[in-house]
Amino acid sequence: FSSFEILLADIKKLTCVPYFTHGRYSSEQRISLTIYTKDDELDLNDSVDTNVVLSDKLEDKETDIPLIRLYRFLMKQTGQTE
């Protein structure tokens, strides 16, 4: 594992997009959060179990995808709009 420190003031752009990875016998839904600064970019990604998310929504349970929560927090803190 590695550690990065990025100041909120250094963030120039944020993107958050879903995508699929395909293996020989399966596919996996993932989400990617990319943080752009003037000098570099950092990509964070994680898998998303859409079956669990949909089941939770149907049962009126709170659903949480940490990268989306981080994306929304950073958008708010940096004053960017979606």
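Above: the structure in question.
This one's a predicted model, so the numbers in the text were calculated from it and none came from an experiment.

Caption draft 1: How the structure looks around the overall build of the protein chain. When helices and strands are counted, the protein chain shows two helices and three strands. Moving toward the C terminus, one meets the helices and strands of the protein chain in the order β-β-β-α-α. In terms of overall size, the protein chain is more extended than a compact globule, its C-alpha atoms giving a radius of gyration of 15 Å where 82 residues would be expected to give roughly 12 Å. When its C-alpha atoms are laid out on the principal axes, the protein chain stretches across 40 × 35 × 25 Å. Every one of the 82 residues in the protein chain was classed for burial, and the buried ones make up 20%.

Caption draft 2: Representation of helix α2 (residues 66–78). In this model α2 runs 18 Å from its N-terminal to its C-terminal C-alpha over 13 residues, within 8% of the 18 Å that 1.5 Å per residue would give. Those residues of α2 not exposed but buried are Leu-67, Tyr-71, Leu-74 and Met-75. Buried positions in α2, seen along its axis, are confined to an arc of 100° and lie on one side of it. Across from the buried face of α2, at angles greater than 90 degrees, the exposed residues are Arg-72 and Lys-76. Structurally, α2 contributes buried residues whose contacts are with β1 (11–22), β2 (27–37) and β3 (41–47). Just downstream of α2 lies Gly-79, where phi reads positive at about 75°.

Caption draft 3: Molecular detail of unusual backbone geometry. Despite not being glycine, Asp-60 shows a phi value in the positive range, around 55°. Residue Asp-60 is classed as exposed on the basis of its relative accessible area, which comes to 75%.

Caption draft 4: Broad picture of the pairing of β1. Both β1 and β2 contribute to a ladder of 11 bridges, which runs antiparallel. Residue pairing in the sheet places Cys-16 in a bridge with Leu-33 of β2. Here β1 hands over to β2 after four residues, the two strands then running antiparallel side by side.

Criteria and thresholds
Residues numbered from 1 in each chain as written. Predicted model: local features only at pLDDT ≥ 70, side-chain atom pairs only at ≥ 80, totals over all residues. Heavy atoms only, no water. Helix = DSSP H or I, 4+ residues; strand = E, 2+ residues; numbered from the N terminus. Rg over C-alpha atoms; globule rule 2.2 N^0.38 Å. Buried < 20%, exposed > 50% of the residue type's maximum accessible area, 1.4 Å probe, protein only. Expected span 1.5 Å × (residues − 1). Arc of directions from axis to C-beta. Contact = heavy atoms within 4.5 Å. Pairing = 2+ DSSP bridges.

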